[in-house]
Amino acid sequence: MKDTVKLISAEGFEFVIDKKAAMVANTIRNMLTSPGGFSEAQHGEVTFPEISTPILEKICQYFYWSLQFASGKETEFHIDPEITLELMLAANYLDA
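A brief look at the structure comes next.

Parameters at a glance
- Residues numbered from 1 in each chain as written.
- Predicted model: local features only at pLDDT ≥ 70, side-chain atom pairs only at ≥ 80, totals over all residues.
- Heavy atoms only, no water.
- Helix = DSSP H or I, 4+ residues; strand = E, 2+ residues; numbered from the N terminus.
- Pairing = 2+ DSSP bridges.
- Polar contact = N/O pair within 3.5 Å; in protein donor to acceptor, adjacent residues only side chain to side chain.
- Contact = heavy atoms within 4.5 Å.

## Re unusual backbone geometry
Reasoning step 1: Not every positive phi belongs to a glycine, and Asp95 is a case in point at roughly 55°.
Reasoning step 2: Along the chain, Asp95 falls in the segment after α5 (84-94).

Next comes the structure, spelled out in structure tokens:
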């Protein structure tokens with residue numbers, strides 16, 4: 001089992017992150033763990049044709065922040081106002 005997952009933005013930019021971090025999002029967790037031979041589970045890659053590179057980058061940062069927060073390290077997670085709406089839409093889709 002691979003320890004990393006590749007998340008691919010709408011523009012084709014690839015983020016390789018720890019699988020544990022990616023599993024913060026229920027949608028990604030389901031894609032990677034559900035039975036039925038999803039290509040995402042077989043290849044360890046998830047493509048998001050609707051999520052832009054800057055938003056996916058922020059989402060990846062959030063995954064790592066969430067793991068730290070869950071382990072008791074409380075820090076602020078800053079979100080620039082101009083990306084708030086797009087980020088909320090992506091987070092809703094990802095169930096994160």
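After presenting the structure, the write-up continues.
## Describing the pairing of strand β1 (residues 4-8)
Here is the key point about a regular strand: its side chains alternate between the two faces of the sheet.
Reasoning step 1: Across 5 bridges, the pairing between β1 and strand β2 (residues 14-18) is antiparallel. Note on β2: the bridge partner recorded for Lys6 is Val16.
Reasoning step 2: Between β1 and β2, which pair antiparallel one after the other, the connecting turn spans 5 residues, and Gly12 there sits at a positive phi close to 95°.
Reasoning step 3: As defined by bridge partners, β1 adjoins strand β3 (residues 45-47) across 3 bridges and the pair is classed as parallel. Within β3, the position partnered with Lys6 by the bridge is Glu45.

## As for the side chain of Thr53
Reasoning step 1: With respect to the helices and strands, the residue Thr53 is situated in helix α4 (residues 53-70).
Reasoning step 2: Looking at Thr53, its side chain comes within polar contact range of the side chain of Ser9, at 2.7 Å.
Reasoning step 3: Excluding anything up to four places from it in sequence, Thr53 contacts Ser9, Glu11, Phe13 and Phe15.

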